[in-house]
Amino acid sequence: AQSVSQHNHHVILSEAASLELGCNYSYGGTVNLFWYVQYPGQHLQLLLKYFSGDPLVKGIKGFEAEFIKSKFSFNLRKPSVQWSDTAEYFCAVNAQRGNNRLAFGKGNQVVVIP
Amino acid sequence: NAGVTQTPKFRILKIGQSMTLQCTQDMNHNYMYWYRQDPGMGLKLIYYSVGAGITDKGEVPNGYNVSRSTTEDFPLRLELAAPSQTSVYFCATKEDGSPNTEAFFGQGTRLTVV
């Protein structure tokens, strides 16, 4: 079964700072990769996803993620964060074959200070 | 469209009480899931269903039951609530079993067992 690791559970940064959240997965086969965001008091929403093709994926709100197959990684980045980016961010992996289950990482709680 | 609707939003239970968390969707999605979210632990899959009349266990099914009598509804039942079931519960749906399809989440039910 696939598993997902996210490090640095709590991240605090100032507005305009750059953000990078790491995501590593363990699975030997081909995977689909997702980043979900959960704003305070809201449900999870899809931020971006990777299935195939260009490993650099652009998402909503200026976020992007890069799939590096050799490193089993799918790190999320934003060059300049805003206060409204305060949220919890989850990386998720779905194997392309086998069970149809999303495996989630433990999440990154990001707080942006105005 | 309402999407995925969960009720109630909040609930406090006493140890040993029972309750049902409701999840209903109007997207005609076949796949439905129940997750629990604990701080710093990410989302863990409790049960899932690939269609009406079919349910299966996820990672953490103990203490829970589900049913899927219709496409729209996927209630989660706690028969004897325990403090370990204090968590935020999310219902999610997917259109089909393809790993490429996006999961849509409800707004969550925050349950406290005292």
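Look a little higher up for the structure.
Everything in this summary refers to the structure shown in the same document.

Calculation rules
Numbering of residues starts from 1 in every chain and runs along the sequence as written. By the order in which they are written, chains take letters starting at A while ligands take numbers starting at 1. Selection of residues for local features in this predicted model requires a pLDDT of at least 70, selection of side-chain atom pairs for listing and counting requires 80 or more, and totals for whole chains, interfaces and linings are taken over all residues. Where side-chain values are given, they derive from all heavy atoms of the structure, hydrogens and water being excluded. The secondary structure listing takes helices from DSSP runs of H or I that are at least 4 residues long and strands from runs of E that are at least 2 residues long, numbered from the N terminus. Taken over C-alpha atoms, the radius of gyration is set against a globule rule of 2.2 Å times the number of residues to the power 0.38. Categorising residues by exposure relies on relative accessible area from a 1.4 Å probe, with only protein chains included: less than 20% of the type maximum marks a residue as buried, more than 50% marks it as exposed, and the intermediate range marks it as partly exposed. In this description, contact between two residues means that some pair of their heavy atoms is separated by no more than 4.5 Å. Strand pairing is assigned whenever DSSP identifies at least 2 bridges connecting the two strands. Orientation is described by axes fitted as lines to C-alpha atoms, over the contacting stretch for helices, and by angles from 0 to 180 degrees between their N-to-C directions. Any residue with relative accessible area above 30% and no salt bridge may belong to a patch, with like charges joined within 9 Å and the nonpolar Val, Leu, Ile, Met, Phe, Trp and Tyr side chains within 5 Å. With residues, only the protein chains shown are counted as cover, and all accessible areas are computed by Shrake-Rupley using a 1.4 Å probe. Take a side-chain nitrogen of Lys or Arg and a carboxyl oxygen of Asp or Glu: if they are within 4 Å of each other, that pair is a salt bridge. Throughout, a disulfide means two cysteine sulfur atoms within 2.5 Å of one another. Polar contact is the term for a pair of N or O atoms within 3.5 Å; when the atoms are in protein, one must be able to donate a hydrogen and the other to accept it, and sequence-neighboring residues count only if both atoms are side-chain atoms.

## Quick notes on the overall build of chain B
Piece 1. Helices and strands together make up the secondary structure of chain B, namely 0 helices and 11 strands.
Piece 2. Put simply, chain B runs from its N terminus to its C terminus through helices and strands in the order β-β-β-β-β-β-β-β-β-β-β.
Piece 3. In terms of overall dimensions, chain B is globule-like: its C-alpha atoms have a radius of gyration of 13 Å, near the 13 Å expected for 114 residues.
Piece 4. The proportion of buried residues among the 114 residues of chain B is 46%.
Piece 5. The contacts in chain B between residues at least 6 apart in sequence include a share of 54% that link residues at least 24 apart.

## Comments concerning unusual backbone geometry
Piece 1. Cis peptide bonds are those with omega within 30 degrees of zero, and the linkage from Thr-7 of chain B to Pro-8 of chain B qualifies with -10°.
Piece 2. Relative to the helices and strands, Pro-8 of chain B is located in the loop between strand 1 (4-7) and strand 2 (10-13).
Piece 3. With a phi angle near 60°, Lys-61 of chain A is a residue other than glycine that sits in the positive phi range.
Piece 4. With respect to the element layout, Lys-61 of chain A can be found in the loop between strand 7 (56-58) and strand 8 (64-68).

## Thoughts on the sheet that holds strand 8 (residues 76-78) of chain B
Residue and element names in this part refer to chain B.
Piece 1. On the basis of which strands lie adjacent, the open sheet formed by 4 strands has the order 1-3-8-7 and antiparallel pairing. Of all the strands in the sheet, just strand 1 and strand 7 (64-66) have a single pairing partner and so form its edges. The average angle at which neighbouring strand axes cross in this sheet is 20°, direction not considered.
Piece 2. Relative to strand 8, strand 7 runs antiparallel, the two sharing 3 bridges. When the sheet's bridge partners are listed, Val-66 is paired in strand 8 with Leu-76.

## Re a nonpolar patch on the surface
Piece 1. The grouping of Ile-12, Val-111 and Ile-113 of chain A at the surface amounts to a nonpolar patch, some 260 Å² of accessible area in total.
Piece 2. Relative to the elements of secondary structure, Ile-12 of chain A occurs in strand 2 (residues 10-14).

## Looking at the state of the cysteines
As used here, a disulfide is simply a covalent bond connecting the sulfur atoms of two cysteines.
Residue and element names in this part refer to chain B.
Piece 1. Under the definition given, this model contains 2 disulfides over all chains.
Piece 2. Residue Cys-23 pairs covalently with Cys-91 via a disulfide, S to S 1.9 Å. Between Cys-23 and Cys-91, the S-S torsion sits near -70°, and that sign places the bridge as left-handed. Here the residue Cys-23 occupies a position in strand 3 (residues 19-25), and Cys-91 occupies one in strand 9 (residues 87-94), the gap between them amounting to 68 residues. Exposure class is identical for Cys-23 and Cys-91. Each is buried.

## Quick word on the pairing of strand 6 (residues 54-57) of chain B
Residues and elements named next belong to chain B.
Piece 1. Here 3 bridges tie strand 5 (residues 42-51) to strand 6, and the two strands are oriented antiparallel to one another. Within strand 6, the position partnered with Gly-51 by the bridge is Ile-54.
Piece 2. Between strand 5 and strand 6, which pair antiparallel and follow one another directly, the connecting turn spans 2 residues, one of which, Gly-53, has a positive phi of 85°.

## Some remarks on the side chain of His-29 of chain B
All names here are of chain B.
Piece 1. Relative to the assigned elements, His-29 resides in the loop between strand 3 and strand 4 (31-38).
Piece 2. Within the local environment of His-29, its side chain forms a polar contact with the side chain of Thr-93, the two groups lying 2.8 Å apart.
Piece 3. Ignoring any residue separated from it by four or fewer positions in sequence, one finds His-29 in contact with Arg-68, Thr-71, Thr-93, Lys-94, Glu-95 and Phe-104.

## Structural notes on the environment of Pro-40 of chain A
Piece 1. With respect to the element layout, Pro-40 of chain A can be found in the loop between strand 5 (31-38) and strand 6 (44-50).
Piece 2. Excluding residues within four positions of it along the chain, Pro-40 of chain A makes contact with Thr-86 and Ala-87 of chain A.

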